[in-house]
Structures are given as C-alpha cells and as structure tokens.
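Per-entry structural report
If you want the building blocks of each chain, they are given just below.
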Amino acid sequence: MAKQVVSRTYTASIRNQQQVQDDLDALGFSASKLWNVGRWVCDRVWSEIGHIPGHNELTSYLKSHERYDDLHSQSSQRVLQELAEAFNGWYGKRHNGDTKANPPKYRKHGDDHPRSTVTFKAAGFELDTKYERVRLSKGSNLKEYWSDFILCEYQTRPDVDLSTVESVQQVRAVWTGDEWEIHFVCKVEIEISESPGEKTVGVDLGINNFAALAYEDGHSELYPLNCLKQDDYYFSKRIAHCDDSDSDQATRLNQKKSARRTHYFHTLSKHIVQRCVAEGVGTIVVGDLSGIREDEENGESKNWGKHGNLDLHSWAFDRFTSMLEYKADMEGITVERVSERDTSKSCSCCGRKRKANRVERGLYVCDECGTVANADVNGAENIRQKVSPSPATDGGDRSNGWLAQPSTYLFDSESGCFAPREQATS
C-alpha cells in the first residue's frame, strides 16, 4: 500500500473545564466583538462605494483597532477571514439568483455577545502531547501580569494519539452550547489502497434524488432526499416557534440540524465508496454543479420553482463531493468532476439531444430510439460517458432496461446507514 499525508480534525474534551472556562469565554466574546466590528466596516464600505472588502483589506483596516488586540494576531486574522468568506458566499448566492440569501449577521444574543469559535495557528499555541496539554495564547489586551496564555488539559478518543501525527496545523476552541472543546487540525499519514478496478461510475447530484449512480457494467442506483427534507421541515417548524431566531434554543436547533446533515453526507459518501470497491470501480465521475443555477440557454438564473430553489440552495453539493473525494482517495479510487451541460436533455443510448424528451422530473423518453429511463439515471450515465463512452453511443448494442429500473437505497435512521428500500425500516 502507498502512503499519503492528509488533513484530519480530531475533537477533544477539556478536563480542566472549570479552571479555563472564564478565560475561554473572554476569547470567545472577543472573537464575536471583532466579527461585529468587521461586519460594521463591511456595511459602511458597501454603502459608500458598493464594494465588499476582502480579508486582506479588512485586516489592514482593523489592525489598529482596539478589538484586534483582544486575540492573538493570527486568531484575529482568522475571524476576519471567516467574515470575508461569509460575505463572498452570500454575494455568490445572490449572483446566482438566490433572492432569499441574507448577508452575514452581527453576532449578538440580545445585548450580549455569544461565544464564537477561536482559531489558533502555529504561533498561537504550544502542544504538549506527553502530558496532554495545549497552551493557547491570549491577545495583548487580555493578558495579565502573570498569565499570557490558557493551559487546557485535553482528552481525545482512545484511538487518537496526537504524538503520532505528521503535524498539528491549527487548534480551535469551540463552544458547543454547554461547554468548550478543542479541535485539532492535523496532517496525518495514511495508507492508500490500490485501485479496486478499472470500471467507471457516473454520479448525478440533484434536488429530488440527492445522488443517482450509473455503473459501467449496466446497473444503476438512486439515493432519495426524503430524510433530509423531513429534517428540514421538522427543524424549520421548531425554529419558527422560537421567540428569537438568535436565541440559544434556535442556535441549538440549527446546530443539531447541521450535524444531522453532515452525518448524512459522511454516511452517503462512505456508502458510495464502499459500493464502488465492491463493484471494482476505479473512477467516479461527478457532475460539476458550479453553474447549476444558470440556465444553459441564456446564462440567466434558472427558475426551479418555489420548493426547488429552496432545496437547491440548501444542499451543499460541493461539500459532499469533497467528502466523496477524500474517502475515495483512501481506497485508491479517482474522482473526476465534469461539466453537467446537456446531460439532462441528451439520450445516453443514442445521443439525441432534445429538452422535451425529459417528460417530467423523474422520466426521460427518447423520441429517436425509444429509450425509457429514469431521468436522473440517464443524466448519471451521460456524466459517466464523458470519461468512458459506452458501446451504445458508438453504434454498439446494449440493453438499456437498467436505465428505467434503478435500485433504490434509503437512509435508515434506526441503523444510521443506507439500505435497499425493501430492507429500510424508516
């Protein structure tokens, strides 16, 4: 097996929570104050010249501000970098037609500042793996004559030994809603398996079925979005009943919703990679959704309907693909991203391109060769053929019945994994 260095994040509890909580609270509150100062600056610059300042500009503006020195300089830089990234994400959504997207908010709970995550880069922490302690630097404004750091005693999972990792790049102090915990962002050397085979599979990501897979040897799979949509509906109703969208209760509900979605993405990406290993797949071809909100005909924002737009902007396609890439890489499987242009309106059997052939969301009927297919599976097969053309489109003869009868896998909430529809209990 080959070896490769990758990034991993390990979570650790803090054993001396009572001794360090006040100091960590002060840093967390300071991070929120600096965020709010940066948010105010962005608002003023946007109002004056119609420009959103980037990370470097914000740092230049605020280096002399008193709030900047509440944290270690690298920690302050990270807060402003996160703010700039949040504004870029909002602006990108608006540019792509999401009129409901809101800019980053001020971090406040009534008149109080919440505890924000504080990131410490190389110069801001010292790690002692022998005694399982990490020293976190305070900002110059918060230093006392006898203490310029916080000494946290941490405890990781039994299977995690930080002394064996390649390097620890960042340490994050994260408030969970009840207590602080430490996240270590590390470089880790792992063993990479040999490729399980030379076959290909196409993956089409969408807003009805989250993923549709078309394998080279002629079978297909669907992964519907039902459980995520149920979560979205359930948590939206619970949050709507909160007195304040910024309340502690609403924050906890949003965190739980986000955690469940993250678990879904991790579980699905792991399941797909395991299926590819079992099927001897060496290359996964995924549709690149960077232009998914633009209409192919005129480049303008595409209208997916009221619920379609909401769902499309909710699912983190790129985040899922990144998870799929690093899990596949560990098994020696290559992930290639290709353009999705024309894949939804082209016949995967004869190549006929006609938008009207997509009769409805779930059905594709070719008026040229008579192929009847699940529309998402047809798209997945077109995506796969961009890397590995099939004999059917080269004039060969291949049965296409599998296009219309994909296997369906559902997320089973009781077992926390995916199972065939007939085996799933929930």
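These notes cover the structure that comes with them.

Thresholds applied
Residues numbered from 1 in each chain as written. Predicted model: local features only at pLDDT ≥ 70, side-chain atom pairs only at ≥ 80, totals over all residues. Heavy atoms only, no water. Salt bridge = Lys/Arg side-chain N within 4 Å of Asp/Glu carboxyl O. Helix = DSSP H or I, 4+ residues; strand = E, 2+ residues; numbered from the N terminus. Buried < 20%, exposed > 50% of the residue type's maximum accessible area, 1.4 Å probe, protein only. Pairing = 2+ DSSP bridges. Axes fitted to C-alpha atoms, helices over the stretch in contact; angles between N-to-C directions. Phe/Tyr/Trp six-rings, centres within 6.5 Å; stacked < 30°, edge-to-face > 60°. Polar contact = N/O pair within 3.5 Å; in protein donor to acceptor, adjacent residues only side chain to side chain. Core = buried A, V, L, I, M, F, W, Y, C linked by side-chain atoms within 4.5 Å. Contact = heavy atoms within 4.5 Å.

A word on the pattern of salt bridges
- Within this structure, the stated rule accounts for 24 salt bridges.
- Of the charged contacts, one joins E279 and R275 as a salt bridge, the two residues approaching to 3.3 Å between their closest N and O atoms. Highlighted residues: E279 and R275, both in helix 5 (residues 248–279), separated by four residues, approximately one helical turn.
- According to the relative accessible area criterion, R275 is buried, its value standing at 15%.
- Where D342 meets K353, a salt bridge forms, and the shortest distance between an N and an O atom there is 3.0 Å. Remark: K353 occurs in the loop between strand 12 (334–339) and strand 13 (358–360) and D342 occurs in the loop between strand 12 and strand 13; sequence separation between them is eleven residues.
- Accessibility expressed as a relative area gives 19% for D342, which makes it buried.
- Salt bridges sharing common partners tie together R15, E132 and E153.

Examining the sheet that holds strand 14 (residues 363–365)
- Sheet architecture is open: three strands sit in the order 13-14-15, paired in antiparallel fashion. Each having just a single partner strand, strand 13 and strand 15 (372–374) make up the two edges of the open sheet. Looking at each pair of strands side by side, their axes are set apart by 30 degrees on average, direction ignored.
- Across two bridges, the pairing between strand 13 and strand 14 is antiparallel. Within strand 14, the position partnered with E360 by the bridge is L363.

Some details on the packing of aromatic side chains
- Taken as a whole and judged by the stated rule, the model has 16 aromatic pairs.
- With a centroid separation of 6.1 Å and an interplanar angle of 80 degrees, the aromatic rings of F87 and W90 are classed as edge-to-face. Of this pair, F87 and W90 both sit in helix 3 (residues 73–95), three residues apart, which is roughly one turn of the helix.
- Owing to a relative accessible area of 5%, F87 belongs among the buried residues under this scheme.
- Since its relative accessible area comes to 14%, W90 is described here as buried.

Notes on unusual backbone geometry
- At E132, a position not held by glycine, the phi torsion is positive, near 55 degrees.
- Despite not being glycine, D342 has its phi angle at roughly 70 degrees, a positive value.

Comments concerning the side chain of Q385
- On the secondary structure map, Q385 appears in helix 8 (residues 375–385).
- We classify Q385 as buried; its relative accessible area is 12%.
- A polar contact of 3.0 Å, which involves the side chain of Q385, links it to the backbone oxygen of S348.
- Engagement of the side chain of Q385 in a polar contact is seen with the side chain of E381, the distance being 2.9 Å.

Concerning the nonpolar core
- Residues L24, L136, V171 and F184 are the most contacted members of the largest nonpolar core, which totals 47 residues.
- Of all the elements, helix 1 (residues 17–49) adds the most residues to this core, at ten residues.
- Dropping the residues within four chain positions of it, V171 is found in contact with V118, T119, F120, F125, V134, L136, I182, H183 and F184.
- Listed in part, the 31 residues of the second largest apolar core include Y215, V273, V286 and F317.

What about the sheet that holds strand 7 (residues 180–192)?
- Spatially, the seven strands line up as an open sheet ordered 2-6-7-1-5-4-3, and their pairing is antiparallel. The open sheet has two free edges, formed respectively by strand 2 (118–120) and strand 3 (125–128), since each of these has just one partner strand. With direction set aside, neighbouring strand axes in the sheet form an average angle of 30 degrees.
- Contacts from helix 7 (residues 317–330) reach strand 1 (2–14) and strand 7 within the one sheet, and its direction differs from that of strand 7 by about 40 degrees.

So, the pairing of strand 3
- Alignment of strand 3 against strand 4 (residues 133–137), held across four bridges, turns out to be antiparallel. Residue F125 lies in a different strand from strand 4, and its bridge partner there is L136.
- Where strand 3 folds back onto strand 4 in an antiparallel hairpin, the turn is made up of four residues, including E132, whose phi is positive at roughly 55 degrees.

Keep in mind these numbers describe shape, not what the thing actually does.
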